[in-house]
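Architecture at a glance
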There are 2 protein chains.
Amino acid sequence: MKALKYDANGLLTGVAQDADSGQVLMVAMMNAEAVAATLQTGKAHFWSRSRKKLWMKGETSGNILDVQAVKVDCDGDALLLLVKTRGPACHTGNVSCFYTDLDEDYVKPIV
Amino acid sequence: MKALKYDANGLLTGVAQDADSGQVLMVAMMNAEAVAATLQTGKAHFWSRSRKKLWMKGETSGNILDVQAVKVDCDGDALLLLVKTRGPACHTGNVSCFYTDLDEDYVKPIV
């Protein structure tokens with residue numbers, strides 16, 4: 001029996017990667033319910049910490065992520081979802097949520 | 001002033017992706033110190049929750065991840081590190097930590 005390793009809040013990290021382009025699209029948390037729903041439906045589901053609810057990515061926008069494969073990492077606390085997109089993955093309209101370079105403005109201490 | 005969004009434990013998610021192959025290599029947590037060390041040295045640093053210490057990936061194995069670029073996601077709580085590898089990223093000797101398919105054994109309820 002293999003087990004996923006959820007944290008104290010019952011969550012693990014989900015990373016969605018475009019199965020075709022290889023682009024990393026988004027990172028979001030998943031609880032056991034989100035993992036099960038993703039596998040059962042073939043559509044990426046996550047757990048919203050702010051809204052405290054299960055959500056299917058694209059349930060509002062239509063930009064569902066169709067899951068081709070799911071990989072688990074060596075310590076069982078992160079999942080890699082290889083997906084096909086139906087539109088931009090980011091709610092901003094960008095293809096990926098990672099559209100911003102981390103520059104020094106982000107790490108400069110506030111003085 | 002832009003800000004990264006750390007969780008209640010002062011952590012955010014770091015995803016390392018091979019800048020050449022596009023392969024997602026590993027996921028690990030980063031605190032502010034790990035982010036700063038990564039940017040300052042150009043080598044991926046993370047925060048070990050189990051050992052409660054900052055670590056440079058490869059400090060023991062030599063399989064350092066040389067960081068080419070860092071992207072931040074739309075809500076500021078995840079970083080994508082585009083890296084060059086010097087060897088397998090996973091401590092198991094696999095190129096990536098995501099070498100296992102998530103199968104039903106992982107999600108079957110224990111009865």
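Residues numbered from 1 in each chain as written. Chains lettered and ligands numbered in written order. Predicted model: local features only at pLDDT ≥ 70, side-chain atom pairs only at ≥ 80, totals over all residues. Heavy atoms only, no water.

A few points about the UniProt feature "binding site: Zn(2+)" (unreviewed entry) in chain A
Per the UniProt annotation, the sites labelled "binding site: Zn(2+)" (unreviewed entry) are Cys74, Cys90 and Cys97 of chain A. For the residues just named, distributed over 24 residues, the greatest C-alpha separation reaches 27.7 Å, placing them at more than one site. With a relative accessible area of 4%, Cys90 of chain A lands in the buried category. In this structure Cys90 of chain A touches Val95, Ser96, Cys97 and Tyr99 of chain A together with Cys74 of chain B, once residues within four positions along its chain are discounted. Tracing the sequence through the fold places Cys97 of chain A in the loop between β6 (78-85) and β7 (100-101). For Cys97 of chain A, a relative accessible area of 8% gives the class buried. Once residues within four sequence positions are removed from consideration, Cys97 of chain A is found in contact with Leu25, Met26 and Cys90 of chain A together with Val72, Asp73 and Cys74 of chain B. (UniProt positions renumbered as here; feature names shortened; annotations may be inferred. Buried < 20%, exposed > 50% of the residue type's maximum accessible area, 1.4 Å probe, protein only. Contact = heavy atoms within 4.5 Å. Helix = DSSP H or I, 4+ residues; strand = E, 2+ residues; numbered from the N terminus.)

Examining the relation of the copies chain B and chain A
For the pair of chain copies, the relating transformation is a rotation about an axis with a translation along it. In screw terms, the move from chain B to chain A is a rotation of 180° and a rise of 0.0 Å along the axis, fitting with an RMSD of 0.0 Å. With respect to symmetry, the two chain copies, as superposed, fit the operation of a two-fold axis. Closest to the rotation axis within chain B is the C-alpha of Gly22 of chain B, separated from it by 2.8 Å. Same-surface contact between copies: 100% of interface residues of chain B are shared with the interface of chain A. (Least-squares fit on C-alpha atoms with pLDDT ≥ 70 in both.)

As for the pairing of strand β4 (residues 53-56) of chain B
Residues and elements named next belong to chain B. Pairing between strand β3 (residues 45-48) and β4: four bridges, direction antiparallel. For Phe46, the partnering residue across the bridge sits in β4 and is Trp55. What sits between β3 and β4 in their antiparallel hairpin is a turn of four residues, with Lys52 showing a positive phi close to 50°. (Pairing = 2+ DSSP bridges.)

Examining the UniProt feature "binding site: Mg(2+)" (unreviewed entry) in chain A
Following the UniProt record, the feature "binding site: Mg(2+)" (unreviewed entry) maps to Asp73, Asp75 and Asp77 of chain A here. Structurally, Asp73 of chain A can be placed in the loop between β5 (65-72) and β6. Ignoring sequence-local partners within four residues, the contact set of Asp73 of chain A consists of Ala78 of chain A together with Cys97 and Phe98 of chain B. Polar side-chain contacts of Asp73 of chain A include one of 2.9 Å to the backbone nitrogen of Gly76 of chain A. Looking at the element boundaries, Asp77 of chain A is found in the loop between β5 and β6. Residue classification places Asp77 of chain A among the buried residues on the basis of a relative accessible area of 14%. (Polar contact = N/O pair within 3.5 Å; in protein donor to acceptor, adjacent residues only side chain to side chain.)

Side note on helix α1 (residues 32-41) of chain B
Residues separated by three or four positions in an α-helix point in the same direction, a consequence of the helix having 3.6 residues per turn. All names here are of chain B. All of the buried residues in α1 are Ala34, Val35, Ala37 and Thr38. Looking straight down α1, one finds that the buried residues subtend no more than 165° of arc, so they occupy a single side. Close packing links the buried residues of α1 with β1 (12-18), β2 (24-30), β3, β4, β5 (65-72) and β6 (78-85). Two residues or fewer past α1, Gly42 is found with a positive phi of approximately 75°. (Arc of directions from axis to C-beta.)

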